[in-house]
Amino acid sequence: MGNLVSISDSSTLIGAQQPPTLHAPEIEAGVGCDFDSYLLVPDHALDDRIAAAKARLDRDVVILGHHYQRDEVIKFADFRGDSLKLSFQASQAEGRYIVFCGVHFMAESADILRREHQTVILPDLNAGCSMADMADIGQVEACWSELSLLDSRKIIPVTYMNSTAAIKAFTGEHGGSVCTSSNAAEVMKWAFESGEKVLFLPDEHLGRNTGYRMGIPLEQMIVWDPYQEFGGNTPEAIRTARIILWKGYCSVHQRFTPQQVERVRREHPGIRVIAHPECRFEVAQSADQIGSTEGIIKAIQSSPAGTEWAVGTEIHLVNRLSKELTNHRVISLDPSVCVCTTMFRITPQHLLWALENLGEGNVVNRISVDERTRHNARVALDRMLALR
Ligand code: SF4
């Protein structure tokens, strides 16, 4: 099916592009051309053509740029933010077309929250998320059946926003909720009021960091490895656990280490370390502060001028903060480049291709979640929103 790599079971892709070929004709890329020909558009022409295509679409289009998006793309975004905030902003906007410069699960979320007349587009279908892909719906359903056989107590599933529409829908169907990295503790508290234990999907680290901050001992949290019988646990460990953590992680945030925290403190005395809660437990414990993407931005913005920060999150956001918040010194916790390689797949060429086609009424790379999944995922999202 073309170049699709991160497709949840519940969404279909309409107008999917074919993989680039090595024999693209040497013509000027234009409407009606497939994506391959856009690879030939010279860099110096891209900005003008994107701006012109966007201007022609005017209020018909709303472009969303996730905080981790590259500069050459995010500069065209009408809104910047995290995935939930962007999806809400798009659903309130006039635009018929929502072009999401993020990753696949984000475009699915926008499709779940969109209004009837809106259509969601992901400029490159290769832009997936390693963490979301680690929780396959079939594996999660098998885990749920095993847990139900072993434990009669009420389990509440909680899924992080960074999961496929199918997992959000599963959560909604089974009495659970979605959470974000900012409200995970609040949602977890609600889950413990509604049941006796929590199945936390798909990020092991966010689940553990949140549970520990709520006072749940590490021994009462077990990891469920979908490739092992009973998730790699004994029936007794499953019965006594309070949180069952799905064995998933973000390949970007898992790279940060406690050694990097020690090094940055040694080299920059007085520096403050802030890490995303998708980082490992040891990193979260050694940082001065934990913060979601929005939380990191606010913490740095509101700190006294001259404060020096080492940030444990994706490099595009760190570099942007470093450029924009000139009263502060902002560096990455990881001295090597720590990039979300899948989001990086969205290039100015993809954005141009999507916009110019829209200008001609051709919707390319549409993300469309089926109605049943959309409904159940919305139930899980609404449970979270009701806690606000
Ligand atoms: S940074 Fe991590 S969690 Fe976020 S989109 Fe990239 S791989 Fe997924």
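All figures in this text were calculated on a predicted structure; none of them were measured in a lab. (Residues numbered from 1 in each chain as written. Predicted model: local features only at pLDDT ≥ 70, side-chain atom pairs only at ≥ 80, totals over all residues. Heavy atoms only, no water.)

Got a minute to help me understand the sheet that holds strand β13 (residues 308-312) in this structure?
Sheets are built from strands paired through backbone hydrogen bonds, the pairs being either parallel or antiparallel. Taking strand neighbours across the sheet as the criterion, the four strands line up as β12-β11-β13-β14 in an open arrangement whose pairing is parallel. Taken across any chain shown, the strands that pair with only one partner, and hence form the sheet edges, are β12 (289-290) and β14 (329-332). Pairing of β13 with β14 involves four bridges; the strand directions are parallel. Looking across to β14, one finds that Glu-308 is bridged to Arg-329. (Pairing = 2+ DSSP bridges. Helix = DSSP H or I, 4+ residues; strand = E, 2+ residues; numbered from the N terminus.)

What is the right way to read the confidence of the model for the chain from this model?
Close inspection of predicted coordinates is inappropriate for parts of the model with low pLDDT. Across the chain, pLDDT averages 91, with 91% of residues at or above 70. Segment residues 1-28 is flagged for pLDDT under 50; beyond a separation of four residues in sequence, or across chains, it makes 77 contacts in the model. (pLDDT = per-residue confidence, 0-100. Contact = heavy atoms within 4.5 Å.)

Can you help me understand helix α9 (residues 184-194) in this one?
Residue pairs three or four apart in sequence face the same way in an α-helix, which turns once every 3.6 residues. Looking at α9, one finds that the buried residues are Ala-184, Val-187, Met-188, Trp-190, Ala-191 and Phe-192. For α9, the elements touching its buried residues are β6 (155-160), β7 (177-179), β8 (197-201), α10 (204-213), β10 (243-246) and α17 (371-385). (Buried < 20%, exposed > 50% of the residue type's maximum accessible area, 1.4 Å probe, protein only.)

Before we go on, may I ask you to explain the sheet that holds strand β9 (residues 221-224) in this structure?
Taking strand neighbours across the sheet as the criterion, the five strands line up as β7-β6-β8-β10-β9 in an open arrangement whose pairing is parallel. Looking at the sheet topology across the chains shown, the edges are occupied by β7 and β9. When strand polarity is set aside, the average angle formed by the axes of neighbouring strands in this sheet is 25°. (Axes fitted to C-alpha atoms, helices over the stretch in contact; angles between N-to-C directions.)

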